[in-house]
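Tertiary structure, described
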Amino acid sequence: MSKVTVCAIICAAGKGERAGFEKNKLLVPFQGATALYKTVSAFDFPAIDEIIVTSSQEDFDEISALCKEFANAKAVLGGTDRSHSVYNALQKTSADIVLIHDGARPFVSRKLIENCLESVKTNGSGICATVCTDTVATMKNGKIISVPDRNALRQIQTPQGFFRENILCAYERAFEMDDGVYTDDSSVFARFCGAPCLCEGSFENRKLTYAEDFADNTARCGFGVDTHAFGKAQDFIVLGGVKIPSASGLIAHSDGDVLAHAVMDALLSAAGLKDIGHYFPDSDERWKNANSMDMLAQVVETVAKQGYAVKNLSVAIQAEKPRLAKYIDAIKCSLAGVLKLDESAIGVSAGTNEGLGYVGEGKGITVNAYALLRSI
């Protein structure tokens, strides 16, 4: 059976005039890059065979240059509106499945993309959506006419996934009938193919619309470092909740998870709180041989009470032994579960100390952790 091919179509042909910038809002500096670069990056993983970015004529050279930084991305000219831009892109791909996404949603996670793709394979379509948490009203002349049941309402996001032949046919019929302007692809699909299936969206998958959306004034960073010495009579160590074979264990009051301890201190520091010794003193028998990942979960809750959640995490392990390369993915997965993050928001590296100092002599392990918190 042949592989199902997937193309991500990223809509970037608009001007984003409501943001009030002098150029396309997707191409202004944003968090160290541009919003469009971050959006394309989110789709740059093996499940996506091709990325097509729609562009205006004015931005074509700049967007083409951006696409060259990715092995499977290319720019195509858009149309007079979003619908025509998507239609142009659909004609440039032969993929079995297309995931259509707004370039102005750079916070889309890999998990969200994969869920959307799975919905297409299972149900024939996948429309990312979130529940409505606010009361919604219809109005006329500045007065409320009705208040629909918000439990029956959903806020539609992108990506929106379809089998290419179905959504292409729907757009062709829409243009043949001159059937008006559609604000998204699910509306076109619903009009000519049938009711599309919803899949879980995310409140973090927000759309950048106005200038204030590009401001990032809520992030707080924190640094944590911890060291433990070898010498415990056991044949393993624990790093980030992952059990790793070792000639001896790490000496500690708890389970000696030096990585989890460094991460806890990073989170507490970012939130302006005291260090882990205050919350989990080694004089307290409750924490003797305790599971440090359970302690980390408590720190996450403590930080949440201060109004913060983890946005991303970077961890650097210094260890001469044991060799850790094959355990990195498992450590990231373990941390992601406790921190409620996508694995792509967690970086874990491991290195030796070139034979220098206590680490180089194999006497212990040091871990440095850097965390960024966001407001919730």
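Everything numeric here is computed off the predicted structure, so don't read it as measured data. (Residues numbered from 1 in each chain as written. Predicted model: local features only at pLDDT ≥ 70, side-chain atom pairs only at ≥ 80, totals over all residues. Heavy atoms only, no water.)

1. Structural notes on the packing of aromatic side chains
- A complete count under the given rule lists 8 aromatic pairs for this structure.
- With 5.1 Å between their ring centres and 90° between their planes, Phe21 and Phe214 make a pair best called edge-to-face. In this pair, Phe21 is assigned in the loop between strand 1 (6–11) and strand 2 (29–30) and Phe214 in the loop between strand 11 (198–200) and strand 12 (220–232), connecting sequence segments 193 residues apart.
- On the basis of relative accessibility, which here comes to 33%, the residue Phe21 falls in the partly exposed class.
- Judged by its relative accessible area of 11%, Phe214 is buried.
- Ring geometry for Phe30 and Phe107: centres 6.1 Å apart, planes at 65°, overall edge-to-face. Note that Phe30 is positioned in strand 2 and Phe107 in the loop between strand 6 (97–102) and helix 4 (110–123), a separation of 77 residues in sequence.
- The side chain of Lys243 reaches across the aromatic face of Phe236, ending 4.3 Å from its centre.
- The ring of Phe230 is capped by Lys321, whose NZ or CZ atom sits 5.5 Å from the centre of that ring. (Phe/Tyr/Trp six-rings, centres within 6.5 Å; stacked < 30°, edge-to-face > 60°. Helix = DSSP H or I, 4+ residues; strand = E, 2+ residues; numbered from the N terminus. Buried < 20%, exposed > 50% of the residue type's maximum accessible area, 1.4 Å probe, protein only. Lys NZ or Arg CZ within 6 Å of the ring centre and 35° of its normal.)

2. Quick notes on the packing of helix 9 (residues 292–305) against helix 10 (residues 328–339)
- Orientation of helix 9 relative to helix 10, taken along the N-to-C sense of each, is 40°, at an axis distance of 9 Å. In this view, helix 9 runs oblique relative to helix 10, as classed from their interaxial angle. The handedness of the crossing between helix 9 and helix 10 comes out as right-handed. Facing helix 9, whose interface residues are Met293, Leu296, Ala297 and Val300, helix 10 presents Ser334, Leu335, Val338 and Leu339. (Axes fitted to C-alpha atoms, helices over the stretch in contact; angles between N-to-C directions. Parallel < 35°, antiparallel > 145°, perpendicular 65-115°, else oblique. Left-handed = near helix turned anticlockwise from the far one by under 90°. Contact = heavy atoms within 4.5 Å.)

3. Some remarks on the pairing of strand 14 (residues 242–245)
- Only one face of strand 14 is covered, namely the one carrying Val242 and Ile244; the face carrying Lys243 and Pro245 has none of its residues buried.
- Strand direction decides the pairing type here: strand 13 (residues 236–239) and strand 14, joined by 4 bridges, are antiparallel. Bridged to Leu239 within strand 14 is Val242.
- Counted along the chain from strand 13 to the antiparallel partner strand 14, the turn is 2 residues long, and its residue Gly240 has a positive phi close to 60°. (Pairing = 2+ DSSP bridges.)

4. Describing a nonpolar patch on the surface
- A surface patch of nonpolar side chains, about 290 Å² in accessible area, is lined by Phe223, Val225 and Tyr370.
- If you trace the backbone, Val225 turns up in strand 12.
- Overall, Val225 belongs to the partly exposed group, its relative accessible area being 41%. (Patch = residues over 30% accessible without salt bridge, like charges linked within 9 Å, V, L, I, M, F, W, Y side chains within 5 Å. Areas by Shrake-Rupley, 256 points an atom, 1.4 Å probe, with all protein chains shown as cover. Salt bridge = Lys/Arg side-chain N within 4 Å of Asp/Glu carboxyl O.)

5. What to know about the layout of surface pockets
- By volume, the largest pocket amounts to about 1600 Å³.
- Lining of the largest pocket is provided by 47 residues; of these, Phe107, Ser109, Glu204, Lys311 and Leu341 occupy positions nearest its centre.
- Mapped by element, the contributors of at least two residues to the lining of the largest pocket are helix 1 (35–42), helix 4, strand 7 (125–131), helix 9, strand 16 (308–318), helix 10 and strand 18 (364–375).
- Grouping the constituent residues of the lining of the largest pocket by class yields 21 nonpolar, 14 polar and 12 charged.
- For the second largest pocket, the calculated volume is near 680 Å³.
- Lining the second largest pocket are 29 residues, with Gly14, Arg18, Arg82, Asp102 and Lys207 positioned closest to its centre.
- Secondary-structure elements contributing two or more residues to the lining of the second largest pocket are helix 3 (82–90) and strand 10 (154–163).
- Of all the elements, strand 10 adds the most residues to the lining of the second largest pocket, at 4 residues.
- Split by residue class, the lining of the second largest pocket holds 6 nonpolar, 13 polar and 10 charged. (1 Å grid on protein atoms, 1.4 Å probe; cavity = no way out; pocket = protein on both sides within 12 Å on 5 of 7 lines; lining within 4 Å. Points joined across faces, edges and corners; volume = space filled by probe spheres on them. Nonpolar A, V, L, I, M, F, W, Y, C, P; charged D, E, K, R; others polar.)

6. Things to note about unusual backbone geometry
- Following Thr158, the chain continues to Pro159 via a peptide bond in cis, the omega torsion being 10°.
- Note on placement: Pro159 falls in strand 10.
- Going from Lys321 to Pro322, the amide bond is cis rather than trans, its omega being -10°.
- Within the element layout of this structure, Pro322 appears in the loop between strand 16 and helix 10.
- Its identity is not glycine, yet Asn141 carries a phi of approximately 55°, on the positive side.
- Counting through the fold element by element, Asn141 comes out in the loop between strand 8 (138–140) and strand 9 (143–146).
- A relative accessible area of 71% places Asn141 in the exposed class.

7. Digging into the sheet that holds strand 1
- Spatially, 7 strands are ordered 5-4-1-6-10-7-11 in an open sheet, and the strand pairing comes out mixed. In this open sheet, the two edge strands, each paired with only one partner strand, are strand 5 (73–77) and strand 11. Averaged over all pairs of adjacent strands, the angle between their axes in this sheet comes to 30°, without regard to strand direction.
- As defined by bridge partners, strand 4 (residues 50–55) adjoins strand 5 across 5 bridges and the pair is classed as parallel. Within the sheet, the bridge partner assigned to Ile52 lies in strand 5 and is Lys74.

8. A look at the sheet that holds strand 12
- One open sheet holds the 5 strands; their spatial order is 15-12-18-16-17, and the pairing between them is mixed. The open sheet has two edge strands, strand 15 (249–250) and strand 17 (346–351), and neither has a second partner.
- Across 10 bridges, the pairing between strand 16 and strand 18 is antiparallel. Counterpart to Ala309 in the pairing with strand 18 is Arg374.

9. With respect to the pattern of salt bridges
- For the structure on display, the rule yields 10 salt bridges.
- One salt bridge connects Lys23 with Glu62, and the closest N-O pair in it is separated by 3.3 Å. Separated by 39 residues along the polypeptide, Lys23 in the loop between strand 1 and strand 2 and Glu62 in helix 2 (residues 60–67) bring together distant segments of the chain.
- Note on Glu62: relative accessible area 35%, which makes it partly exposed.
- Notably, a salt bridge pairs Glu361 with Lys363, separated by 3.0 Å at the nearest N-O pair. This pair shows no difference in class: Glu361 is exposed, exactly as Lys363 is.
- Each of Arg82, Asp102, Arg105, Asp185 and Lys207 takes part in a single network of salt bridges with overlapping partners.

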